[in-house]
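# Survey of secondary and tertiary structure
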2 protein chains.
Amino acid sequence: MTSTDQSDGAAIIDLLGVLAYGELSAFDRMAADARMAPTTALRAALSAVAAQEMGHYGKLVARIEDLGADPQQAMAPFIEAVETFHARTEPRTWGEALVKAYVGDGLAADFYREVAEYVDASTRALVIEALADSGNSEFAIREVGALVRNDPTAASRLSLWGRRLVGEAISQAQRVAAERDALVLLIVGGAGDLTGISRLTERITDKHTERMTAIGLFN
Amino acid sequence: MTSTDQSDGAAIIDLLGVLAYGELSAFDRMAADARMAPTTALRAALSAVAAQEMGHYGKLVARIEDLGADPQQAMAPFIEAVETFHARTEPRTWGEALVKAYVGDGLAADFYREVAEYVDASTRALVIEALADSGNSEFAIREVGALVRNDPTAASRLSLWGRRLVGEAISQAQRVAAERDALVLLIVGGAGDLTGISRLTERITDKHTERMTAIGLFN
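Description of the structure in this document. (Residues numbered from 1 in each chain as written. Chains lettered and ligands numbered in written order. Predicted model: local features only at pLDDT ≥ 70, side-chain atom pairs only at ≥ 80, totals over all residues. Heavy atoms only, no water.)

Turning next to the relation of the copies chain A and chain B. In this arrangement, two copies of a chain are superimposed by a rotation about an axis accompanied by a shift along the axis. Rotating chain A by 180° and moving it 0.0 Å along the rotation axis overlays it on chain B with an RMSD of 0.0 Å. Expressed as a symmetry operation, the mapping of one chain copy onto the other fits a two-fold axis. Measuring from the rotation axis to each C-alpha of chain A, the shortest distance belongs to A51 of chain A, at 2.1 Å. (Least-squares fit on C-alpha atoms with pLDDT ≥ 70 in both.)

Residue and element names in this part refer to chain B. Its location among the elements puts I215 in the segment after α10 (195-214). On the basis of relative accessibility, which here comes to 5%, the residue I215 falls in the buried class. Taking C-alpha positions, I215 is 5.9 Å from G145, a pair spaced 70 residues apart along the chain. Apart from the residues lying within four places of it in its own chain, the contact partners of I215 are Y102, I141 and V144. (Helix = DSSP H or I, 4+ residues; strand = E, 2+ residues; numbered from the N terminus. Buried < 20%, exposed > 50% of the residue type's maximum accessible area, 1.4 Å probe, protein only. Contact = heavy atoms within 4.5 Å.)

Before going further, it helps to examine the nonpolar core. Grouped together as the largest cluster of nonpolar side chains are 138 residues, with contacts concentrated most on L217 of chain A together with L217 of chain B. Not counting residues within four places of it along the chain, the set of residues in contact with L217 of chain A comprises V99, V144, V148, A155, L158, S159 and M212 of chain A. (Core = buried A, V, L, I, M, F, W, Y, C linked by side-chain atoms within 4.5 Å.)

Right, let's get into empty space enclosed by the protein. All names here are of chain B. Inspection of the entire model under this criterion finds three cavities of 30 Å³ or more. Within this model, the largest cavity holds a volume of roughly 1,300 Å³. In terms of lining, the largest cavity is formed by 50 residues, of which the most central are G104, L107, A108, F111 and A169. Listed by contribution, the elements that provide at least two residues to the lining of the largest cavity are α1 (6-33), α2 (40-66), α4 (79-88), α5 (94-116), α6 (121-132), α8 (152-179), α9 (181-187) and α10. Top contributing element to the lining of the largest cavity by residue count: α5, with eleven residues. (1 Å grid on protein atoms, 1.4 Å probe; cavity = no way out; pocket = protein on both sides within 12 Å on 5 of 7 lines; lining within 4 Å. Points joined across faces, edges and corners; volume = space filled by probe spheres on them.)

The next thing to look at is the side chain of E114 of chain B. One can find E114 of chain B in helix α5. Take E114 of chain B: its relative accessible area is 7%, and that puts it in the buried class.

Each side of the interface is counted separately: chain A has 23 residues, and chain B has 23 residues. Between chain A and chain B, roughly 1,700 Å² of surface is buried when both sides are summed, and carbon and sulfur atoms account for 59% of that area. Linking chain A with chain B are three salt bridges. Remark: the boundary between chain A and chain B carries six residue pairs in polar contact (both at pLDDT 80 or more). Elements with a minimum of two residues in the side of chain A that touches chain B: α1 (6-33), α2 (40-66), α3 (71-75) and α4 (79-88) of chain A. If one sorts the elements of the side of chain A that touches chain B by residue count, α2 of chain A sits on top with ten residues. Taken together, the residues that form the side of chain A that touches chain B break down as 14 nonpolar, four polar and five charged. (Buried area = accessible area lost by both parts, 1.4 Å probe. Salt bridge = Lys/Arg side-chain N within 4 Å of Asp/Glu carboxyl O. Polar contact = N/O pair within 3.5 Å; in protein donor to acceptor, adjacent residues only side chain to side chain. Nonpolar A, V, L, I, M, F, W, Y, C, P; charged D, E, K, R; others polar.)

As a further point, take the side chain of K100 of chain A. Residues and elements named next belong to chain A. Here K100 is to be found in helix α5 (residues 94-116). Summary of buried charges: K100 has no salt-bridge partner, and the nearest side chain of opposite charge, D33, is 5.1 Å away. If near-sequence neighbours (up to four positions away) are discounted, K100 is found in contact with F85, H86, T89, P91, D105, W161 and L165. (Lys, Arg positive; Asp, Glu negative; His and termini not counted.)

Attention now moves to the environment of G17 of chain B. Residues and elements named next belong to chain B. Assignment of secondary structure puts G17 in helix α1. For G17 and Y57, which are 40 residues apart along the polypeptide, the C-alpha to C-alpha distance reads 9.7 Å. Setting aside anything within four residues of it in sequence, one finds G17 in contact with I64, A74, M75 and F78.

One pass over the structure, following the stated rule, counts one aromatic pair over all chains. With 5.8 Å between their ring centres and 85° between their planes, F27 of chain A and F27 of chain B make a pair best called edge-to-face. Taken as a pair, F27 of chain A in helix α1 and F27 of chain B in helix α1 lie in two separate chains rather than in one. F27 of chain A gets classed as buried once you look at its relative accessible area, which sits at 0%. (Phe/Tyr/Trp six-rings, centres within 6.5 Å; stacked < 30°, edge-to-face > 60°.)

Taking 1.5 Å per residue, 27 residues should reach 39 Å; α2 of chain B reaches 39 Å between its end C-alpha atoms and fits that length. In the segment just after α2 of chain B, G68 of chain B is the residue with positive phi, at about 80°. (Expected span 1.5 Å × (residues − 1).)

The next thing to look at is helix α10 (residues 195-214) of chain A. All names here are of chain A. For α10, built from 20 residues, the straight-helix expectation of 28 Å at 1.5 Å per residue is met to within 8% by its first-to-last C-alpha distance of 29 Å. Within the sequence span of α10, burial applies to G196, L200, I204, H208, R211 and M212. For α10, the angular spread of buried residues about the axis comes to 150°, placing them on one side. Exposed and oriented more than 90 degrees from the buried face of α10 are E202, E210 and T213. Where the residues of α10 are buried, they touch α5, α8 (152-179) and α9 (181-187). Two residues or fewer past α10, G216 is found with a positive phi of approximately 85°. (Arc of directions from axis to C-beta.)

Taken as a whole and assessed by the stated rule, the structure comprises 29 salt bridges over all chains. Of the charged contacts in the structure, one is a salt bridge between E143 of chain A and R142 of chain A, with a shortest N-O distance of 3.9 Å. Residue R142 of chain A is classed as exposed on the basis of its relative accessible area, which comes to 54%. Of the charged contacts, one joins R211 of chain B and D110 of chain B as a salt bridge, the two residues approaching to 3.1 Å between their closest N and O atoms. You can see R211 of chain B sitting in helix α10 and its partner D110 of chain B sitting in helix α5, a full 101 residues away along the chain. Each member of the pair, R211 of chain B as well as D110 of chain B, is classed as buried. A cluster of three or more residues bridged by salt bridges with shared partners is formed by R35 and R43 of chain A together with D28, R29, E83 and E90 of chain B.

Quick look at the structure:
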């Protein structure tokens with residue numbers, strides 16, 4: 001699918017806007033969550049993941065400007081949904097912060113991968129570059145594994161937390177979808193009907209389940 | 001001066017340790033201060049400066065490891081002084097956050113420049129690289145200028161704030177100096193007497209005064 005008509009152009013700006021604000025808020029929240037780390041080394045590890053989000057943010061904003069749009073205006077429609085997601089999923093423990101970093105990184109990577117197919121070549125290059133940077137949550141996988149081994153009750157608590165994270169993410173995504181028709185049409189890849197959205201949600205939920213299992217949590 | 005004897009080795013680890021913890025805490029504090037920004041663009045600008053500190057942190061920690069020392073142990077003696085500095089200089093307004101970013105960046109650059117002369121070649125390369133990244137506070141200069149022009153009382157309030165920042169920085173530096181003899185000897189460049197420290201403090205204070213004047217504040 002090539003992106004030449006007007007609604008596609010608006011949808012690309014929407015897409016870059018939501019991704020950019022997502023990166024900026026991920027930076028902010030992870031930087032704050034890092035304070036809960038039990039050691040300076042772990043605090044630095046999560047801080048470094050947070051810092052990398054700003055690199056992506058900078059590139060997304062530059063692309064929005066290249067397309068002749070205003071980054072602030074492009075992000076504005078998505079601030080409330082993203083902030084609501086974070087307000088409802090504020091970690092209270094270091095374990096919750098780690099699972100959020102891991103789950104959030106995974107969901108973002110899945111979403112980037114899904115949309116990469118439907119965007120223009122330059123936007124695709126940017127998305128692939130952001131994807132290549134993922135896997136920063138390796139330390140989170142290792143640390144969650146250690147927490148779960150050392151505390152048998154942690155697995156069920158953190159599993160519940162993982163479900164809440166993905167539930168809130170889907171709920172905010174649906175809220176955005178209800179308001180941004182062009183964006184939805186872009187993401188479902190011009191399938192022409194909105195069942196594409198539920199299939200996408202299903203694919204992302206399946207991958208989330210795989211990720212939870214991979215770190216010893218259950219869905 | 002070459003750094004071959006044992007006390008110099010310990011002093012280099014001390015130096016890298018205080019710089020590393022300084023970068024990590026600057027990241028943390030600026031990320032939090034960014035929330036006070038009046039616009040998303042300004043919030044992103046301060047967040048990007050914060051993110052860059054983690055790049056420096058990573059390099060400093062890698063250098064500590066190359067020298068066969070443990071980064072956590074190297075940073076530990078300086079955590080209290082750095083945290084006390086930040087606790088006593090927590091910005092309450094966006095203007096204070098901007099002045100702190102600008103003054104902090106300047107003081108750090110001065111300190112890096114001073115110590116670059118006295119360290120081994122590899123550490124010097126690292127210090128020079130960190131210095132080359134400075135100047136991120138350009139946007140802070142511009143924004144403080146705008147604040148001061150729009151609100152005549154802001155200049156005197158922010159000038160007082162600038163004095164407090166440099167006063168607390170010197171006070172915490174003195175506290176560290178009193179406890180780390182080898183580090184002090186390294187920094188005064190083997191001058192053999194401790195008057196080197198007061199000359200260094202004077203040079204840094206003079207440059208701070210120049211910087212305050214440059215943005216329309218007074219000392």
